[in-house]
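Structural overview for review
The primary structure of each chain is shown beneath.
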Amino acid sequence: MNDGSTTLYDLETGKAIWEHPGFFSPRHYSQDRKILVGTEGWTKGRTIVFLDAANGREVRRLTGISTGMPGDNVLILSEDLKLLATQDVTPGRQWVVQLWDVDKATKRWEVAGVRSSGERLALSPDGKTLAWAHDAKEGIRLLDVATGKELRRVAKGIYPRYLGYLHNNSTLVFCQWHEDSVRVWDISQDRELHSTVGNRGSVSGAFYLRDGRTLVSAGMDGTIRFWDLSEGKELQ
């Protein structure tokens, strides 16, 4: 909404389910669709709000954690909402990747080396690996969630604007800046399995449905498309 409020709609009826007042920026929708997580304010802040998706009521609030800039897509939660990955700048003006324990509201670790706010993060479904799109030359870094240490690098030459895991822990899905396709990447073999073809503009984001077989992409052409994950073909 133009006033900063957030409205959740029922896709089947097109009717509003609830509206959350104030400057709320949605960042994460839990896999079970029960919790909507977002930040308050238009600028980089330190307040994260958890809303009940059924009624829009606040169920939890975290403070003191960097939320990045709106639209940066660097506030990432695990599927069980127990881990939170983000970026922050240290007192010495050094940008770092941080991993937080949500229940305890404590920082587990931080890793230096962030070069821009456009570097994307993604947590694996099992919560054991953090994928970090570092830069096009170095590719996507895979970090051990338990220690923050690097495990390996994949997809060198790729610098995505969107990064995520599919329903398993061995496949990444991403789209590059100004690219009109979504790529599905096998981590163990470090190769592209297939990509979607059919968007008429660059892809701004993607996610998979709970059936584990369908990928949804949002394009800058104003369309939302559904894809068969096994072949990368558009569903009609």
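Refer to the preceding data block for the structure.
Residues numbered from 1 in each chain as written. Predicted model: local features only at pLDDT ≥ 70, side-chain atom pairs only at ≥ 80, totals over all residues. Heavy atoms only, no water.

The next thing to look at is the overall build of the protein chain. Each helix and strand counted, the protein chain has 0 helices and 22 strands in total. Sequence-distant contacts, at least 24 apart, represent 32% of the contacts inside the protein chain between residues at least 6 apart. For the protein chain, the computed accessible surface area is about 11,800 Å², with 50% contributed by carbon and sulfur atoms. (Helix = DSSP H or I, 4+ residues; strand = E, 2+ residues; numbered from the N terminus. Contact = heavy atoms within 4.5 Å. Areas by Shrake-Rupley, 256 points an atom, 1.4 Å probe, with all protein chains shown as cover.)

This paragraph deals with the pattern of salt bridges. This structure, assessed with the given rule, holds 9 salt bridges. Arg-61 is paired through a salt bridge with Glu-58; the nearest N and O atoms lie 2.9 Å apart. We note a salt bridge from Glu-138 to Arg-153, for which the minimum N-O separation is 2.7 Å. You can see Glu-138 sitting in the loop between β12 (129-135) and β13 (139-144) and its partner Arg-153 sitting in strand β14 (residues 150-154), a full 15 residues away along the chain. (Salt bridge = Lys/Arg side-chain N within 4 Å of Asp/Glu carboxyl O.)

Before going further, it helps to spend a moment on the side chain of Ser-30. Residue placement: Ser-30 occurs in the loop between β3 (24-29) and β4 (35-40). By relative accessible area, which is 2% here, Ser-30 ends up buried. Polar side-chain contacts of Ser-30 include one of 2.6 Å to the side chain of Asp-32. Of the polar contacts made by the side chain of Ser-30, one reaches the backbone nitrogen of Lys-34; its length is 3.1 Å. If sequence neighbours within four positions are ignored, Ser-30 has contacts with Ile-35 and Leu-81. (Buried < 20%, exposed > 50% of the residue type's maximum accessible area, 1.4 Å probe, protein only. Polar contact = N/O pair within 3.5 Å; in protein donor to acceptor, adjacent residues only side chain to side chain.)

When you tally the buried positions in strand β16 (residues 171-176), you get 6 out of 6 residues, the bulk of the element. Residues of β16 alternate between two faces, with Thr-171, Val-173 and Cys-175 on one and Leu-172, Phe-174 and Gln-176 on the opposite face, all of them buried. Note that strand β15 (residues 160-165) and β16 share 5 bridges and pair antiparallel. Pairing of Tyr-162 across the sheet is with Cys-175, part of β16. A loop of 5 residues connects β15 with β16, the two strands running antiparallel in sequence. Relative to strand β17 (residues 183-186), β16 is paired through 4 bridges, and the arrangement is antiparallel. When the bridges of β17 are listed, Thr-171 appears paired with Asp-186. (Pairing = 2+ DSSP bridges.)

A cluster of nonpolar side chains, namely Ile-224, Phe-226 and Leu-235, defines an oily patch on the protein surface of about 290 Å² accessible area. Positionally, Leu-235 belongs in the segment after β22 (233-234). (Patch = residues over 30% accessible without salt bridge, like charges linked within 9 Å, V, L, I, M, F, W, Y side chains within 5 Å.)

Turning next to the packing of aromatic side chains. Across all of its chains, the model carries 1 aromatic pair by this definition. Judged by centre distance (5.8 Å) and plane angle (40°), the rings of Phe-174 and Trp-185 are tilted. Here the residue Phe-174 occupies a position in strand β16, and Trp-185 occupies one in strand β17, the gap between them amounting to 11 residues. Exposure class is identical for Phe-174 and Trp-185. Each is buried. (Phe/Tyr/Trp six-rings, centres within 6.5 Å; stacked < 30°, edge-to-face > 60°.)

Turning to the environment of Thr-147, a few remarks are in order. Position of Thr-147 among the secondary structure elements: in the loop between β13 and β14. Considered as a pair, Thr-147 and Trp-109 are 38 residues apart in the sequence and their alpha carbons are 7.4 Å apart.

With that out of the way, let us pick up the pairing of strand β21 (residues 224-228). With burial as the criterion, only one face of β21 is covered, namely that bearing Arg-225 and Trp-227; the residues Ile-224, Phe-226 and Asp-228 on the opposite face remain uncovered. Inspection of the sheet shows strand β20 (residues 214-219) paired to β21 by 5 bridges, in the antiparallel sense. Bridge pairing links Ser-217 to Arg-225 in β21. Where β20 folds back onto β21 in an antiparallel hairpin, the turn is made up of 4 residues, including Gly-222, whose phi is positive at roughly 85°. Pairing analysis gives 2 bridges linking β21 to β22, with the strands arranged antiparallel. Counted as the bridge partner of Trp-227 is Glu-234 from β22.

Here the focus is the sheet that holds β15. Backbone-to-backbone hydrogen bonds join strands into a sheet, with any given pair of strands oriented parallel or antiparallel. Across the sheet, which stays open at both edges, the 4 strands sit in the order β15-β16-β17-β18 with antiparallel pairing between neighbours. Both outer strands of the open sheet, β15 and β18 (191-195), are each paired with one neighbouring strand and no more. The sheet shows a mean angle of 30° between the axes of neighbouring strands, taken without regard to direction. (Axes fitted to C-alpha atoms, helices over the stretch in contact; angles between N-to-C directions.)

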